[in-house]
Amino acid sequence: MDVRILGGLSVRENGVSVTPTAAAPRQLLALLAAGADQIVPVSVLMEEVWPSGAPRGARAELHSHILGLRSQIAAALPGGRDGGRDGGDGRTAETVLAAQSGGYRLDTGGGSHDVWQFERAAGAGYRAMEAGDLPRAALRLGEALALWQGEPYAGVDAGPRLRAEIERLEASRLSVLDQWVEAQLGLGRHAEMVPELAVLTARHPVNESLHAQFMVALLRSGRTDDALETFRRLCVALQRDGGREPSARLRRLHRSLLTVRDAARPRVPAQPHASWSRTPRLAPPSRAAATYTTAAQPTAAVPAGASA
């Protein structure tokens, strides 16, 4: 069985779709797919479909939906509608969607599951980041993100259990995205990341980590004023989102940007006294200005405390 969740629900047995179109059985299959190869208690299934309380006859209705799902699974098995035939591999509709210990278990039979693939690739990427292997980290984290084809469980009427699972997956995706961007910036790909981060910050207007990374990428591309404007937009968005202020990390980065901008401006020497015979020397640039990169020096480090 192959399960796809990251961009709409798709469950296929033997290459044949067993995803129902009716809302309630589709919702049940989605929750069973979320806990694939594990027992999902009947109480959990009923809470998902009837969050305000199960009506009279709910168990009978749940059992009817399970029978409908098994019917679709049976049609996809080698034995066709005769679900008693297992095609030699022991799989029948009753074993694929099995009743066990007060619940039901969707048996993938060792098939693929895109959430599991995402988590494996993400784990490999995190380990590479910890080891300082940025090229491998960028590769594996990018593979994890590529599995997402849209919103998780799109097209499913999500109840409380599925909503919690959707929130968990979205948070995991943002964490992987953050580390992938960090790896790309660490590899000096700031110019390539500017368009990507412009889209991401527009999509997540109050995500401080993405905005900090965007500001760093702009700065290292020689676009200090654009980096300052990004900070301003974030401040406006945070104010609208409950009157919040940027974190201390973002404020430190903002101060560093101001230092770099001011150091880059041409200085006008003061008028010398009549008794002076030479032009005053310009003040040397600040240490912060020397630390940041320009378009001609793309790999210099960001000041301590101001990195993304």
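In the block above lies the structure referred to throughout.
For clarity, every value in this text was computed on a predicted model and none was experimentally measured.

Some details on the pairing of strand S2 (residues 10-13)
Only one face of S2 is buried: it carries Val-11 and Glu-13, and the other face, with Ser-10 and Arg-12, is open. Two strands pair when backbone bridges link them, and strand S1 (residues 2-4) and S2 are joined in this way by 3 bridges, in the antiparallel orientation. Within S2, the residue paired with Arg-4 across the bridge is Ser-10. The hairpin formed by S1 and S2 contains 5 residues between the paired strands, and Gly-7 there has a positive phi angle of roughly 130 degrees. Strand direction decides the pairing type here: S2 and strand S3 (residues 16-17), joined by 2 bridges, are antiparallel. Bridging from a neighbouring strand, Glu-13 pairs with Val-16 of S3. Once S2 ends, the chain turns through 2 residues before running back antiparallel as S3, passing Asn-14 with a positive phi of about 60 degrees.

Considerations on the environment of Ala-22
Residue position: Ala-22 is located in the loop between S3 and helix H1 (23-34). The class of Ala-22 is partly exposed, set by a relative accessible area of 40%. In the structure, Ala-22 is positioned 43 residues away from His-65 in sequence and 9.9 Å away in space, judged by C-alpha atoms.

Rules used throughout
- Residues numbered from 1 in each chain as written.
- Predicted model: local features only at pLDDT ≥ 70, side-chain atom pairs only at ≥ 80, totals over all residues.
- Heavy atoms only, no water.
- Buried < 20%, exposed > 50% of the residue type's maximum accessible area, 1.4 Å probe, protein only.
- Helix = DSSP H or I, 4+ residues; strand = E, 2+ residues; numbered from the N terminus.
- Pairing = 2+ DSSP bridges.

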